[in-house]
Amino acid sequence: MNDASAFRFADSAAAPAAGRQAQVVAALAKIVPQSAILSRVEDTRPYECDALSAYRQLPMVVVIPETEEQVCAILRTCRELDVPVVARGAGTSLSGGAMPHGLGVVLSLARFKRIIALDRKSRTARVEPGVRNAAISDAAAPYGLYYAPDPSSQIACTIGGNVAENSGGVHCLKYGLTIHNVLRVRAVTIEGEVVEFGSGAPDSPGLDLLALVIGSEGMLCVITEVTVKLIPRPVLARVLMASFDDVRQAGNAVADIIAAGIIPAGLEMMDRKAVVAVEQFVHAGYDVDAAAILLAESDGTPEEVEEEIARMQEVLRASGVTAIRVSASEAERQLFWSGRKNAFPAAGRVSPDYYCMDGTIPRRRIGEMLEAITAMEGRHNLHCMNVFHAGDGNLHPLILFDANDLDEWHRAEAFGAEILELCVAFGGTITGEHGVGVEKVASMIAQFTREECTAFAAVKEAFDEPGLLNPGKVIPTLVRCVEYGKLSLRAGQMAFPDGPRF
């Protein structure tokens, strides 16, 4: 997004006192080399936001450790000095989850990029949090294995961030989200204590704290190591591309496929605006005349793939499909998927800026949601491209706007909030895989009661009593709404005035 001053919450905040900054830098210099500490504005500027660049805040200090021992010492020091800490990976988060605290430390894990061990017999890999998602599969490829979760940013995003946000991808329908593919997480608490969640075994004794940590958005601990599952690469995979002249029929077809007992390896949906933008960019062979297309992948043995493709074709014909193409080669399969995975950069080619939402709804409501978004376009006077992880109902509407126009940004925000509210009304949730961060903090109240948010705060307090890890995110409070300029929101979405300050 453009660097419009209206978007820069950091510029309206008080600059950190020089004495306080010097104190923190001096304390950190006892732990890491001076070259691993950034405090000048020109050095900290690259860390002011993540991929949701509408929300920005200059950090007081950035520290870049190399070892777990250094992470422990940094967290102990920040705890003693009462300094907020925001852990950061590749910065590909789309919810403002890695946006810094203006009076805090950004703890960058960029140097934690070792693949510690890869065991083909147990089909596991132990990796540091800075390892890129795609790099795990690259390392496992010689053994015929790979790591299944594949977010569109997989060539850049890191496994630590994937764990923090519980990322998915186009193949999450069959192979699951991050939570289904991680066995163990090693992390450090705000007190500097190393804790392990889960184990190398299929199950571990006691409470399932691993599931609590995955998707916790850096609010509970700082991840230093992850053990992931690896699975065998299928013998064959083919993609079916189905065209529809009506978006509701396309949405209903998704539910029809699942109702028929078919679980494709991937099941994605794109509307015409998205298809046209992607085709101009990637030339993937998409049907630009269709109102919507589905991409459904089948994998397994050649016999299994042939049978499943035939079954899907039968269901789709009964669902009103107008055209079907099946990839004839591995190269064509990759081309079909390259179009879907480049939907976000394609949006960037047709609009100065875009705002990517991330709600989830029941599959049977997909067509209804698409029609509702079309009506919202007229109300907010903005265009929207739609790409879905259709198989699990995870929406990614891309609201197109110009960041140089403050009114357009406010309309884009309102457009996004309306989509999320409708997701909840349809029986869904306000986020599928991008997290809440600062982006959806007000929308939390559209879904959760005061009592539920209080329970979330209690979990946070159990792990991080002083509230120093990634503060001001996820759990709504009046303090947070003020800090992030949310006072212009509807009163019903404000926050709980006497709630915890997390």
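Residues numbered from 1 in each chain as written. Predicted model: local features only at pLDDT ≥ 70, side-chain atom pairs only at ≥ 80, totals over all residues. Heavy atoms only, no water.

*Asks:* What am I meant to see in the packing of aromatic side chains here?
*Replies:* Each aromatic ring pair is summarised here by two numbers: the centre-to-centre distance and the angle between the ring planes. Taken as a whole and assessed by the stated rule, the structure comprises six aromatic pairs. With 6.0 Å between their ring centres and 75° between their planes, Tyr55 and Trp409 make a pair best called edge-to-face. Placement of Tyr55 in the loop between α2 (41-44) and β2 (61-63) and of Trp409 in helix α14 (residues 406-425) is noted, with a sequence separation of 354 residues between them. Accessibility classification places Tyr55 together with Trp409 in one group, the buried group. Summarising the aromatic geometry, the rings of Phe197 and Phe463 are spaced 6.3 Å apart at their centres and angled 35° between planes, so their arrangement reads as tilted. One end of the pair, Phe197, is in strand β9 (residues 194-198); the other, Phe463, is in helix α16 (residues 450-463), and 266 residues separate them in sequence. In this structure Phe197 comes out as buried when scored by relative accessible area, which is 5%. Ring pairing ties together the aromatic residues Tyr55, Tyr355, Phe401 and Trp409, which thus form one cluster. In this arrangement the basic side chain of Arg365 is found over the ring face of Phe426, its NZ or CZ atom lying 4.0 Å from the centre. (Phe/Tyr/Trp six-rings, centres within 6.5 Å; stacked < 30°, edge-to-face > 60°. Helix = DSSP H or I, 4+ residues; strand = E, 2+ residues; numbered from the N terminus. Buried < 20%, exposed > 50% of the residue type's maximum accessible area, 1.4 Å probe, protein only. Lys NZ or Arg CZ within 6 Å of the ring centre and 35° of its normal.)

*Asks:* Explain the pattern of salt bridges here, please?
*Replies:* If the charged atoms of two oppositely charged side chains come close together, the side chains can form a pair. Applying the stated criterion across every chain, the model contains 25 salt bridges. In this structure, the salt-bridge partner of Arg45 is Glu48, at a minimum N-O distance of 3.1 Å. With a relative accessible area of 33%, Arg45 lands in the partly exposed category. Given a relative accessible area of 6%, Glu48 falls into the buried group. Note that Glu225 and Arg126 form a salt bridge whose closest N and O atoms lie 2.9 Å from each other. With Glu225 in strand β10 (residues 222-229) and Arg126 in strand β6 (residues 124-127), this pair connects stretches of sequence that are 99 residues apart. One network of salt bridges, in which partners are shared, links Glu68, Arg126, Arg184, Arg186, Glu196 and Glu225. (Salt bridge = Lys/Arg side-chain N within 4 Å of Asp/Glu carboxyl O.)

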